[in-house]
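# Tertiary structure, described
This is what each chain is made of:
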Amino acid sequence: MTDHLPPALLEACVVVGVPADKLRELFQSSQQGANNNGTPDLLDPEVLHVLAPPFVSKEHAWSDVRPFGKRRRSFIKKKRERTPPRIVPLGEGLVCRRGGGSEDVSVPKDIDLIALPQLCFPGGLQITNEHREEQFHFLVFTDLFGNQTHGVVMQCPRPIMEGKFFYQNSHGSAKVPNLYSAYAFCIISKHPYYTALKDCLSCLLVQLRTCRLSDLEERVKEFAAKLALVPIPPPGQLYLMFSLRPLTIVLPSREDKDRSAVDLDLHLPFLCFRPQQVLQVLSCLLQEQRVVLFSADWAKLTLVAESFLLFLKPLSWQHPYVPVLAQGMLDFLMAPTAFLMGCHVSHYEEVATETNDLILVNIDDGSASTSCSETIEWPEIPLAAADCFTQRCLSLQVHFDLRQCHSATCSDINEQRAQRRMWQCNLNHDIQRIALELMVNIFRDVSSHLNYEHRVFNSKEFLKSRDSAEQPFYQKVLETHIFHSFLKDRLNRKMDAFTRMELNTRSEAQRMKAMLENPRRPTMQEIQARRSSLMTERLPSSLSPAVALRTPPKAINVFKLPEFPASLSFHSVQGYYSELIQQLGKAIFYAQTEDSALLARYPCFLSSQLPLFTFSSFPFFLFFCRYYYLRGFINTLCSRRLEALSDFQNLYKTDMAIFPTQLVTWLVDSLQKEERQQADRRPELKRLILKVTTENEKPLVQPDDHVKKFELPKTHLQQEEFVRCVQESGIVKDVAIIQRLFDALTVGQQKQVDPELFRVFYTFWKETEAEAQEVNLPSEVIDQLDNSECVYKLSSCVKTSHGVGKIAMTQKRLFLITEGRLGFLEIAKFRDIQEVKISSAPFLLLRIPSLHIHTCSRTEVFEANLKTETDLWNLVVKEMWAGRKMADQHKDPQYMAQALTNVLLMDAVVGCLQTQGSIYAASKLAYFDKVKHEVPMMVPKTTSEALKHKINPSLNMAETQTVHALLYTPGQLSCTDSDRDRNPKLWVALSGGQVVVFDAASWSMLQDCIQVGASQLKCMVGLNQEQVWIGSQDSVIYIIDTRSMSCNKQLTEHRHEVTGLTVDNRDHQSSCDGTILQWDSSSLKVKRQFKIDCDCLTSIQIHDGALWCCCGDSIVALKKNGTPQRRVTLPDDLQGVPSCFSSFILVQERGQLWTGCTNSGELFLWYTKDHDTPFKRISLPVSSGVTCMIRVKDQIWVGCRGVGGLCDGQLRSQVLIVDPESQVVEKELQAHSDSVQSLCSAEDRYVLSGSAHHDGKIAIWKVE
């Protein structure tokens, strides 16, 4: 279980140098003049000493601190097995062992002591006649599984005399020798804290320069033991600080658990290379070439290599990575696989001469070439993305001194370091944003060629969508391991920094285009951009180099660790941990206190079914969950298991993303009998233990991370296989459309599709798509069309009533491109068409079929002699006409997009069948034209006037989903694209725990799927525009962060499904079993709990301090103490039938209580001020039950379930508007073909209604 514990800063401290006996021999030979030629002697360095935690002997009961974990491999046994240089006995050099001279030295696993001496002295260990300055360099060790360990090495030259290191200090002096050797300190850590560990070694160096020889061993051990006490900060914006005199050291945290900490200067590559060379190196890494870095400074190799790999994120290097190669390791460069390695610049010519196909990067002179030529001929990064990156890099301020010219000189070194650290932190953040932007620009369009349901990436179609100049680059990248890993994350819908930037930087045009599932065709704007070679047009406006990248400030808190104990005894270390736990407790208390004071200005939340928990959007909240993490870790080290579990229980509530599941599992399993009994008496721990135990009992399900490439079928396809195959091909996702396509392709034959027929159909579809990409329209035509229009169909040259030309179709109109003198003539907009029919025109002795189109904008009829194309064009124009009418009447643009898809499928069916019955087969796809003739299409005037728009939250899903809940969160309507995250949002809860988010300013989709559990979501409520609480059928409250669009928090106190949440100055939540919890929003603890005696509690509201509960067969008002003060029961005629209250509205100023029932087409009005007045019934037209109600201004909006069965396109369910004063139904709004499931108000300007899965749409209504 050691792997599951958050590691301390120190993994091991290794001392490498020359053994004392060899030093004695060298000294004696130098005295005898054995080597007088002045050439430095090269020696083989050896491991002199290994220090690894824990540093307290077992008799002090430290066996309880880390009782789990694999046994450390013995250092001595390792030496015997692999015969490395021997271990120097204690007293003959810089050697000390833990626990006595006879004990085996244990070293952490994954540390190869055999190669370490060479890496500590990569240029060789020399005996010299001159003193050299101390030098630092950095190492990275990678095991077979890709796990990395990091090392920081300090080489300390020291004079030697008579075989021992010589020190001169205040206690004495000696003859100055003329021989110098060196030893190296290597600090090994699981985390890449290069700057922090270098600072730590610098502090050790200060002590080594002044200490006695006899004190040296103890100083080194004390130094290592102190670092072993330093924990690693948890992911997030909480840094740790500790004092190691004379410096103050800061450990930055990881941004999230999937990233590593960044503790180096990321601007180093920009000081060494121009942006163009940086792009060349990144291009080679993306293509997985064999890259070698060169420098005369060993430290630069690792720092620059690490920087380049960080620039690639979220793509991760999957191949051998050795940033520092010692002289004896150059044969590694002969490896046939891709790699990233580094070696001394003195080997440049040798490597370039003896190896082929290497990318040689000289850090010292800022050049990049291949071993075969002086230039890199590999494909370059796409020009648009490269230009944007270059422009961004030019704006970076990479010189700290220039920044400080106007500032006073700091007299305190730690203050100066703090200023430098803050500047570097901000610069690193800017560089990471620029590098991430580069990756987004390169791979932005990958997601549009993914099929998430079947985990397919259509690489061929993605390549076809790239410019010809870019295709060589993408051809190589798409075959790499790093891209394959990147694809897995995209198919898993990973909400990482890449996804967030890609979503946030979409232009409004891209967002609106994503709202409609249109087949891929170039827009007029794209055609114009291609012609004018404005490559930057390919980037979204928000990522244009002219637009500055917005870098929101990140609140960072620094927690200072206690001073290290004076001694390393068990009691001193325990005292240190106790003080640390105490300080963390104070930090949690102050954070919650400050948080509570801030929250007092804001409303809290009430919930009807789950416990409600409130979190502050201020920095205090962001940090105290990290304090729980740290305190839980320290409590675990101190064997305080119950306290550790309590901390992790609080962490589970506040941030699931960093919850240490495996560590908590071990803690639960290791509880003693008495501890388990105590835990069972604490409800919160009992729930945590139950959850952990339950999760462990579940069978381990391996995540599906495979990625498929689309392949044409080789066997006959039944309908189910046909649907899957079409979805994988990327042609269309909608199951209903694919089923109609299946019927079209199997007309008059057995209900299965031949693989050859599918191949012909697919080929025709793709060829048509490719031809559309190459369409060459005259400039005069392009100028007449809207920027968003695309040409989807083009006829052959035909004779028309307006001359000879080609008929073209866009999603908006038909137009004629005249021959001879090229020109544009609009035939008709689809919404203006009045009639389409086929007639015959005389031609010599024949009569040729022609298409007649009559419009309201022209008196004359447009006639086109389309010959054999007439029947197909007749189907196409009628379908587009019907789709446009449906879209206009229902205010739903998706109808037009579906009609367009139907039309293109008709064209492909006719093209691939080539039979007399092909037109009849294509007519199977004429869905909207069929609906127009079978179902009245006219939308009532009242509905048309009130309906503003319709949106489809299931757009990116294979089947429509039920809209279970809606939530509108306010924002700023005037925000620009760069401030889009401040816009108001619409949150939509769909089936299967899926949440979709829309920008409520433009109604474009912001996030297509946030997964919160797998059960039905029952209710939603927002807090401070920073979090959204969602109650689920699985009895959990999920909390979504509105900025990151991720769910990292859960509340699990309820035992039954959560049916409602509400907002007031207190926090209540209720479960369907009648349990109601009142929460303290600052401490996240239950203040009160009571239970209503009812069959099913479905919702809860607060009015004037009273808690109103919808309890199925009654509406109950509770006092503050939970005792009922009034109960309203079902009318007598409904008590004997399966019916219950579904919702209620309290109009206090009128003393009215409005209720609706699930199986009654009536509203019931009760009078709250006069209990003796009988209730009143208000009949609802064409309704079989009430599903939901809300109050907007002085109106009551009622969502109903329709009467009768479902029919395609027919409006069966209504939204009714009731006037509380006149108590009559004012308006009947019809917009859904399935029952209305949810209603919500958008600042009393709009009302939004969501429907069940047969319709699955959201209607947006204007409020008068």
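## Points about the overall build of the chain
Counting its secondary structure elements, the chain contains 34 helices and 57 strands. The burial tally for the chain puts 57% of its 1264 residues in the buried class. When contacts within the chain are restricted to residue pairs at least 6 apart in sequence, long-range pairs at least 24 apart make up 63% of them. Counting only carbon and sulfur atoms, one obtains 49% of the accessible surface of the chain, whose full area is about 53,700 Å².

## Focus: helix 21 (residues 641–654)
Between its first and last C-alpha atoms helix 21 spans 20 Å; for 14 residues at 1.5 Å apiece the expected length is 20 Å, and the two agree. Among the 14 residues that make up helix 21, 13 are buried, leaving the element largely enclosed by the rest of the structure.

## Things to note about the sheet that holds strand 34 (residues 1004–1011)
Strand pairing in a sheet relies on backbone hydrogen bonds, with the paired strands running either antiparallel or parallel. Read from one edge to the other, the open sheet built from four strands follows the order 31-32-33-34, with strand pairing classed as antiparallel. Two strands in the sheet have a free side with no partner beyond their single neighbour: strand 31 (965–969) and strand 34. Strand-to-strand, the axes of this sheet are offset by a mean angle of 20°, without reference to chain direction. Sheet analysis places strand 33 (residues 994–999) next to strand 34, joined by five bridges and oriented antiparallel. Each residue of the ladder has a partner; that of Val997, found in strand 34, is Gln1007.

## Some details on the pattern of salt bridges
Taken as a whole and assessed by the stated rule, the structure comprises 49 salt bridges. Notably, a salt bridge pairs Asp258 with Lys494, separated by 3.5 Å at the nearest N-O pair. Here Asp258 is found in the loop between strand 12 (247–251) and helix 6 (268–272), whereas its partner Lys494 is found in the loop between helix 15 (481–491) and helix 16 (497–504), with 236 residues between them in sequence. For Lys494, a relative accessible area of 27% corresponds to the partly exposed category. Overlapping salt bridges, with partners in common, bring together Asp786, Glu789, Lys812, Arg813, Glu826 and Lys829 in one network.

## Some words on the nonpolar core
In this structure, Phe185, Phe242, Leu286, Ile442 and Phe443 are the most contacted members of the largest nonpolar core, which totals 201 residues. With 11 residues, the single largest contributor to this core is helix 12 (residues 413–443). Contacts of Leu286, omitting those with residues within four sequence positions, involve Leu312, Leu315, Met439, Ile442, Phe443, Phe473, Val477, Thr480 and Ile482. Ranked by size, the runner-up nonpolar core spans 70 residues in total, among them Val456, Leu745, Ala908 and Tyr927.

## Here we look at the packing of helix 10 (residues 383–394) against helix 12
Viewed as axis vectors pointing N to C, helix 10 and helix 12 meet at an angle of 170°, and their least axial separation amounts to 9 Å. Judged on the interaxial angle alone, helix 12 and helix 10 are roughly antiparallel. Residues Ala385, Cys388, Phe389, Arg392 and Cys393 of helix 10 form the contact with helix 12, whose participating residues are Ile434, Ala435, Glu437, Leu438, Asn441 and Ile442. Of the residues contributing to the contact of helix 10 with helix 12, the split by class is eight nonpolar, one polar and two charged.

## A few points about helix 8 (residues 298–311)
With 14 residues, helix 8 extends 21 Å between its outermost C-alpha atoms, agreeing within 8% with the 20 Å of an ideal straight helix rising 1.5 Å per residue. Within helix 8, 13 of the 14 residues are buried, which leaves the element mostly enclosed by the surrounding structure. The backbone nitrogen of Ala299 lies 3.0 Å from a side-chain oxygen of the residue at the head of helix 8, namely Asp297.

## Here's the deal with the environment of Gly883
Within the secondary structure, Gly883 is located in helix 29 (residues 870–890). On the basis of relative accessibility, which here comes to 0%, the residue Gly883 falls in the buried class. Considered as a pair, Gly883 and Met896 are 13 residues apart in the sequence and their alpha carbons are 4.9 Å apart. The residues touching Gly883, leaving out its near neighbours within four places in the chain, are Tyr895, Met896, Ala899 and Phe928.

## Concerning the environment of Val15
Among the secondary structure elements, Val15 is positioned in strand 1 (residues 12–17). As for Val15 and Pro117, which are separated by 102 residues in sequence, their C-alpha atoms are 9.0 Å apart.

## Brief notes about the sheet that holds strand 37 (residues 1037–1041)
With respect to topology, four strands assemble into an open sheet ordered 35-36-37-38, the strand pairing being antiparallel. Two strands close off the open sheet at either side, each with one partner strand: strand 35 (1017–1023) and strand 38 (1046–1051). On average, each strand axis in the sheet is inclined to that of its neighbour by 25°, with strand direction left out of account. Bridge count between strand 37 and strand 38: five bridges; the pairing is antiparallel. Across the sheet, Tyr1038 pairs through a bridge with Gln1050, a residue of strand 38.

## Topic: the environment of Asn696
Within the secondary structure, Asn696 is located in helix 24 (residues 683–697). According to the relative accessible area criterion, Asn696 is partly exposed, its value standing at 45%. Separated by 31 residues in sequence, Asn696 and Thr665 place their C-alpha atoms 8.2 Å apart.

## Some words on the packing of aromatic side chains
Tallied over the entire structure, the rule returns 30 aromatic pairs. Relative to Phe311, the ring of Phe270 has its centre 5.7 Å away and its plane inclined at 40°; by these criteria the two rings are tilted. Placement of Phe270 in helix 6 and of Phe311 in helix 8 is noted, with a sequence separation of 41 residues between them. Considered together, Phe270 and Phe311 belong to a single accessibility category, that of buried residues. Aromatic side chains Phe710 and Tyr762 sit 5.2 Å apart centroid to centroid with 40° between the ring planes, which places their arrangement in the tilted category. Here Phe710 is found in the loop between strand 22 (708–709) and helix 25 (719–729), whereas its partner Tyr762 is found in helix 27 (residues 755–773), with 52 residues between them in sequence.

## Thoughts on the side chain of Glu675
With respect to the element layout, Glu675 can be found in helix 23 (residues 673–680). Here Glu675 is in contact with Arg641, Leu642 and Ser670, once residues within four sequence places are set aside.

## Comments concerning the packing of helix 7 (residues 275–286) against helix 8
With their axes 10 Å apart at the nearest point, helix 7 and helix 8 run at an angle of 70° to one another. One element, helix 7, and the other, helix 8, form an angle in the roughly perpendicular class. Residue-level contacts link Val278, Val281, Leu282 and Leu285 of helix 7 to Phe308, Leu309 and Phe311 of helix 8. For the contact of helix 7 with helix 8, the per-class residue count stands at seven nonpolar, no polar and no charged.

## Some points on unusual backbone geometry
Backbone geometry follows two general trends: most residues other than glycine have a negative phi, and most peptide bonds adopt the trans configuration. Omega for the peptide link from Arg245 to Pro246 comes to 10°, which places this bond in the cis form. Assignment of secondary structure puts Pro246 in the loop between strand 11 (238–244) and strand 12. Residues Lys313 and Pro314 are joined by a peptide bond in cis, for which omega reads 15°. Its place among the elements puts Pro314 in the loop between helix 8 and strand 14 (321–322). Its identity is not glycine, yet Glu288 carries a phi of approximately 55°, on the positive side. Its location among the elements puts Glu288 in the loop between helix 7 and strand 13 (290–295). What makes Glu288 buried here is its relative accessible area of 12%. One non-glycine residue, Lys891, lies in the positive phi region at around 55°. Among the secondary structure elements, Lys891 is positioned in the loop between helix 29 and helix 30 (894–913). Overall, the relative accessible area of 23% leaves Lys891 in the partly exposed class.

## Observations concerning the confidence of the model for the chain
Taken over all residues, the pLDDT of the chain has a mean of 82, while the share at 70 or more is 83%. Between the elements of the chain, mean pLDDT differs from a low of 32, seen in strand 21 (residues 604–607), to a high of 96, seen in helix 8. Note that residues 166–174 has pLDDT below 50 and, in this model, 17 contacts with residues that lie over four places away or in other chains. Note on residues 534–538: pLDDT is under 50 here. Beyond four places in sequence and across chains, it has 11 contacts.

## A closer look at the pairing of strand 43 (residues 1099–1103)
Most of strand 43 sits inside the fold, with four of its five residues counted as buried. Examined bridge by bridge, strand 43 and strand 44 (residues 1106–1110) share five bridges and lie antiparallel to one another. By the bridge assignment, Gln1101 is partnered in strand 44 with Trp1108. Joining the antiparallel neighbours strand 43 and strand 44 is a turn of two residues, in which Asp1104 adopts a positive phi near 50°.

What counts and what doesn't
- Residues numbered from 1 in each chain as written.
- Predicted model: local features only at pLDDT ≥ 70, side-chain atom pairs only at ≥ 80, totals over all residues.
- Heavy atoms only, no water.
- Helix = DSSP H or I, 4+ residues; strand = E, 2+ residues; numbered from the N terminus.
- Buried < 20%, exposed > 50% of the residue type's maximum accessible area, 1.4 Å probe, protein only.
- Contact = heavy atoms within 4.5 Å.
- Areas by Shrake-Rupley, 256 points an atom, 1.4 Å probe, with all protein chains shown as cover.
- Expected span 1.5 Å × (residues − 1).
- Pairing = 2+ DSSP bridges.
- Axes fitted to C-alpha atoms, helices over the stretch in contact; angles between N-to-C directions.
- Salt bridge = Lys/Arg side-chain N within 4 Å of Asp/Glu carboxyl O.
- Core = buried A, V, L, I, M, F, W, Y, C linked by side-chain atoms within 4.5 Å.
- Parallel < 35°, antiparallel > 145°, perpendicular 65-115°, else oblique.
- Nonpolar A, V, L, I, M, F, W, Y, C, P; charged D, E, K, R; others polar.
- Polar contact = N/O pair within 3.5 Å; in protein donor to acceptor, adjacent residues only side chain to side chain.
- Phe/Tyr/Trp six-rings, centres within 6.5 Å; stacked < 30°, edge-to-face > 60°.
- pLDDT = per-residue confidence, 0-100.

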